[in-house]
Amino acid sequence: QGWSDLSAKGVAGLGKLLEEHQASAELQEAAAARLGVLLAEAVKSGAAPGDDGVAPRLLAPMLIDLLKRFPRDAGVQRAGC
């Protein structure tokens, strides 16, 4: 299932989903890929650190946390870089 809610509430919901399924490398890999794209787009567009869900200050910690969960999973690491 896809995730497309880019509001602050939606990003918080994604964080909760990642925590609930933290044992699933496949879900973490998919999320890493999506977070990486969103983070790159937010930085490129100069997203302000407001309460927007795509603000780098909200996305970066989530991406770092999931990369730490699977340090030896090449798919997760590749998707998040």
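To be clear, the structure that these remarks concern was listed above.
Everything in this summary refers to the structure shown in the same document. Predicted model only: the values in this text are computed from it and were never measured. (Residues numbered from 1 in each chain as written. Predicted model: local features only at pLDDT ≥ 70, side-chain atom pairs only at ≥ 80, totals over all residues. Heavy atoms only, no water.)

1. Considerations on the overall build of the protein
At step 1: Within the protein one finds four helices and zero strands.
At step 2: Moving toward the C terminus, one meets the helices and strands of the protein in the order α-α-α-α.
At step 3: By residue count, 32% of the 81 residues in the protein fall in the buried class.
At step 4: Residue pairs at least 24 apart in sequence account for 57% of intrachain contacts in the protein once pairs closer than 6 positions are excluded. (Helix = DSSP H or I, 4+ residues; strand = E, 2+ residues; numbered from the N terminus. Buried < 20%, exposed > 50% of the residue type's maximum accessible area, 1.4 Å probe, protein only. Contact = heavy atoms within 4.5 Å.)

2. Quick word on the environment of Asp73
At step 1: Note that Asp73 resides in the loop between α3 (56-69) and α4 (74-80).
At step 2: For Asp73, a relative accessible area of 24% translates into the label partly exposed.
At step 3: Sequence-wise, Asp73 and Glu26 are 47 residues apart; in three dimensions their C-alpha atoms are separated by 9.9 Å.

3. Examining helix α1 (residues 8-20)
At step 1: If you check α1, its first and last C-alpha atoms are 19 Å apart, about what 13 residues at 1.5 Å a residue would give, namely 18 Å.
At step 2: Taken together, the buried positions of α1 are Gly10, Val11, Leu14, Gly15 and Leu18. When α1 is viewed along its axis, its buried side chains cluster within an angular range of 145 degrees and face the same direction. Seen from the open side of α1, the exposed residues pointing more than 90 degrees away from its buried face are Lys9, Ala12, Lys16, Glu19 and Glu20.
At step 3: Next to the buried residues of α1 lie α2 (25-45) and α3. (Expected span 1.5 Å × (residues − 1). Arc of directions from axis to C-beta.)

4. Regarding the nonpolar core
At step 1: Counting 18 residues, the largest nonpolar core has Leu18, Leu35, Leu59, Leu63, Leu66 and Val76 as the members making the most contacts within it.
At step 2: In terms of residue count, the dominant contributor to this core is α2 (six residues).
At step 3: Residues within four places of Leu35 in sequence aside, it is in contact with Leu14, Leu18, Leu59, Met62, Leu63 and Leu66. (Core = buried A, V, L, I, M, F, W, Y, C linked by side-chain atoms within 4.5 Å.)

5. Here's the deal with the packing of α1 against α3
At step 1: Two elements in contact, α1 and α3, have axes whose closest approach is 11 Å; the angle formed by their N-to-C orientations is 10 degrees. By the angle class used here, α1 and α3 are roughly parallel. Judged by residue contacts, Val11, Leu14, Gly15, Leu18 and Glu19 of α1 engage Leu58, Leu59, Met62, Leu66 and Arg69 from α3.
At step 2: Looking at the contact of α1 with α3, its residues break down into seven nonpolar, one polar and two charged. (Axes fitted to C-alpha atoms, helices over the stretch in contact; angles between N-to-C directions. Parallel < 35°, antiparallel > 145°, perpendicular 65-115°, else oblique. Nonpolar A, V, L, I, M, F, W, Y, C, P; charged D, E, K, R; others polar.)

6. Describing the packing of α1 against α2
At step 1: The N-to-C vectors of α1 and α2 enclose an angle of 155 degrees; their axes lie 10 Å apart at closest approach. On the basis of the axis angle, α1 is roughly antiparallel to α2. Once α1 is placed against α2, the crossing between them reads as left-handed. Across the interface between the two elements, Leu14, Leu17 and Leu18 from α1 touch Leu27, Gln28, Ala31 and Leu35 from α2.
At step 2: For the contact of α1 with α2, the class distribution of residues is six nonpolar, one polar and no charged. (Left-handed = near helix turned anticlockwise from the far one by under 90°.)

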